[in-house]
Amino acid sequence: MPAPLFTLVRLLTKVAIAGLTCLAALTAQNGSGAGASGDPAAGKVLFEGKGGCQSCHSLDDKGGSFGPVLSEIGILRSPESLRLALTDPDAEIYEEYLTIVAVTNRGERVEGIKLNEDDISIQLREADGTPRSFLKENLKELHREERSLMPSYAAKLSAHELDDLVAYLRTLKGEPPQSGAAAPRSRMIAPVSENLTWLNRPERDKDERPETLLDFLQIPAGSTVADLGAGSGYFTWRLARRVGPQGKVLAVDIQQEMLDLIAQDLKKRSLTNVELLLGSERDPKLPAGALDVVLIANAYHEFSEPEAILAAVRRSLKPNGRMVVLEYRKERSYTPMPSLHKMTMQEMRSEIEPAGFQLERALDFLPDQHGLIFTKRP
């Protein structure tokens with residue numbers, strides 16, 4: 001494509017968070033519905049040929065390097081959000097992915113995506129992949145524009161072609177774990193976290209974007225959810241407000257001290273729809289077939305008996321229930337925590353999917369974490 005499919009990976013659309021009602025209206029304007037079936041084989045031909053996508057994006061280490069790698073786009077985006085990214089790339093863009101415009105003192109205008117910036121310099125990458133570096137003192141203009149470098153394909157591809165391209169992109173789900181027994185943990189088990197300073201740090205909201213996450217999950221009022229490995233209750237009270245007085249939150253931890261802290265916090269917030277459960281390393285004490293969502297936030301890596309806990313979670317979920325697992329990315333060395341407290345996506349999938357779960361979505365709007373949404377495999 002003449003410019004990258006940049007927002008396919010990094011675009012978090014308001015429509016995706018709000019639901020599918022607005023999406024249906026948007027896609028109706030473009031002819032075929034976003035969820036319409038397409039031909040993945042035909043879409044692959046478009047991706048490699050007419051679309052020219054590989055000039056900017058890579059798959060299996062082949063292709064361009066300007067845009068994001070699309071190897072896992074099929075679990076990062078729904079069909080609706082993929083189609084919206086193709087037809088309306090400017091729908092919603094994170095600040096860090098806005099188009100940067102730099103004009104030099106000699107009048108040269110450069111557009112690109114920011115790579116790095118400090119007080120005295122900025123580094124950009126242009127749409128053709130060329131890196132550029134400027135001292136700010138040599139620029140007479142530097143600003144960000146709320147638009148993507150990717151053009152709209154609403155008029156460049158037919159509705160049928162869009163269906164095919166979306167169908168192909170949905171097949172790109174990375175390397176699934178091998179079938180069979182869950183992979184044994186080859187690493188040491190991290191100690192259970194007791195660091196309240198870290199758990200309650202002021203910058204945690206910026207690091208983890210809890211409200212954005214819960215907006216995306218769209219947990220209905222009246223739901224029954226579990227905060228498994230609740231710690232000091234960072235997510236517990238937020239979940240309690242989301243499910244409302246008619247809903248219920250089960251806050252589970254193996255440390256009574258943490259549950260006591262949660263109880264104090266809930267009292268201050270006047271929340272009475274939370275039940276505190278003291279679990280064990282093998283049994284989280286969850287009721288069978290009762291839960292709509294089980295959230296495991298930055299705690300799964302501490303489970304010393306993951307197979308037993310996953311089996312208990314699977315029993316606790318309703319038929320359409322979801323398990324959401326958050327872990328800091330081991331792939332990013334600069335995240336402020338030891339490697340023992342981080343996991344790769346492949347480590348997570350290799351343990352969880354063989355335990356009777358299937359990966360539905362991987363969230364790409366969390367700055368430093370993997371966010372994986374699983375459902376029970378039939």
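The structure under discussion appears in the preceding block.
Residues numbered from 1 in each chain as written. Predicted model: local features only at pLDDT ≥ 70, side-chain atom pairs only at ≥ 80, totals over all residues. Heavy atoms only, no water.

### Comments concerning the overall build of the protein chain
Then, in step 1: Counting its regular elements, the protein chain contains 14 helices and 14 strands.
Then, in step 2: Counting the 378 residues in the protein chain, one finds 52% classified as buried.
Then, in step 3: Accessible area for the protein chain stands at about 17400 Å²; split by element, carbon and sulfur atoms hold 50% of it. (Helix = DSSP H or I, 4+ residues; strand = E, 2+ residues; numbered from the N terminus. Buried < 20%, exposed > 50% of the residue type's maximum accessible area, 1.4 Å probe, protein only. Areas by Shrake-Rupley, 256 points an atom, 1.4 Å probe, with all protein chains shown as cover.)

### Some remarks on the nonpolar core
Then, in step 1: Ile-296, Val-313, Met-323 and Ile-352 are the most contacted members of the largest nonpolar core, which has 46 residues in total.
Then, in step 2: In terms of residue count, helix α7 (residues 159-169) provides more of this core than any other element does, five residues in total.
Then, in step 3: Excluding residues within four positions of it along the chain, Val-313 makes contact with Leu-228, Leu-286, Val-294, Met-323 and Phe-357.
Then, in step 4: Among the nonpolar cores identified, the runner-up in size contains 29 residues, and Leu-213, Phe-235, Val-274 and Val-324 belong to it. (Core = buried A, V, L, I, M, F, W, Y, C linked by side-chain atoms within 4.5 Å. Contact = heavy atoms within 4.5 Å.)

### What about the pattern of salt bridges?
Then, in step 1: Scanning the entire structure with this criterion turns up 24 salt bridges.
Then, in step 2: Between Arg-242 and Glu-211 there is a salt bridge, with its nearest N and O atoms 2.6 Å apart. Taken together, the positions of Arg-242 in helix α11 (residues 236-243) and Glu-211 in helix α10 (residues 210-217) put the pair 31 residues apart, joining distant regions of the chain.
Then, in step 3: Under the relative-accessibility criterion, Arg-242 is labelled partly exposed at 26%.
Then, in step 4: Note on Glu-211: relative accessible area 35%, which makes it partly exposed.
Then, in step 5: When the shortest N-O distance is used, the salt bridge between Arg-349 and Glu-353 registers 2.5 Å. (Salt bridge = Lys/Arg side-chain N within 4 Å of Asp/Glu carboxyl O.)

### With respect to the packing of aromatic side chains
Then, in step 1: Overall, the coordinates contain five aromatic pairs when judged by the stated rule.
Then, in step 2: With centroids separated by 5.5 Å and ring planes inclined at 50°, the aromatic side chains of Phe-216 and Phe-365 adopt a geometry described as tilted. On the criterion of sequence distance, the pair formed by Phe-216 in helix α10 and Phe-365 in the loop between β13 (357-363) and β14 (369-376) is long-range, its members being 149 residues apart.
Then, in step 3: Note on Phe-216: relative accessible area 10%, which makes it buried. (Phe/Tyr/Trp six-rings, centres within 6.5 Å; stacked < 30°, edge-to-face > 60°.)

### Observations concerning the side chain of Asp-164
Then, in step 1: Mapped onto the elements of the fold, Asp-164 is located in helix α7.
Then, in step 2: No salt bridge is formed by the buried Asp-164, whose closest oppositely charged neighbour, Arg-83, lies at an N-O distance of 8.9 Å.
Then, in step 3: Aside from chain neighbours lying at most four places away, what touches Asp-164 is Gly-38, Asp-39, Pro-40, Ala-42, Gly-43 and Leu-46. (Lys, Arg positive; Asp, Glu negative; His and termini not counted.)

### Topic: the sheet that holds strand β10 (residues 274-278)
By way of backbone hydrogen bonds, the strands of a sheet pair with one another, either parallel or antiparallel.
Then, in step 1: Judged by pairing direction, the sheet is mixed, and its seven strands sit side by side in the order β10-β9-β8-β11-β12-β14-β13 without closing on themselves. Two strands lie at the open edges of the sheet, namely β10 and β13, each paired on one side alone. On average, each strand axis in the sheet is tilted by 20° relative to the strand beside it, whichever way the strands run.
Then, in step 2: Of the pairings in the sheet, the one linking strand β12 (residues 317-328) to β14 comprises seven bridges and is antiparallel in character. Along β14, the bridge assignment pairs Val-325 with Leu-372.
Then, in step 3: Contacting β8 (224-228), β9 (248-253), β10 and β11 (291-297), α11 runs over the sheet at an angle of about 165° to β9.
Then, in step 4: Together, β9 and β10 form the strand contacts of helix α12 (residues 256-268), whose direction differs from that of β10 by roughly 170°. (Pairing = 2+ DSSP bridges. Axes fitted to C-alpha atoms, helices over the stretch in contact; angles between N-to-C directions.)

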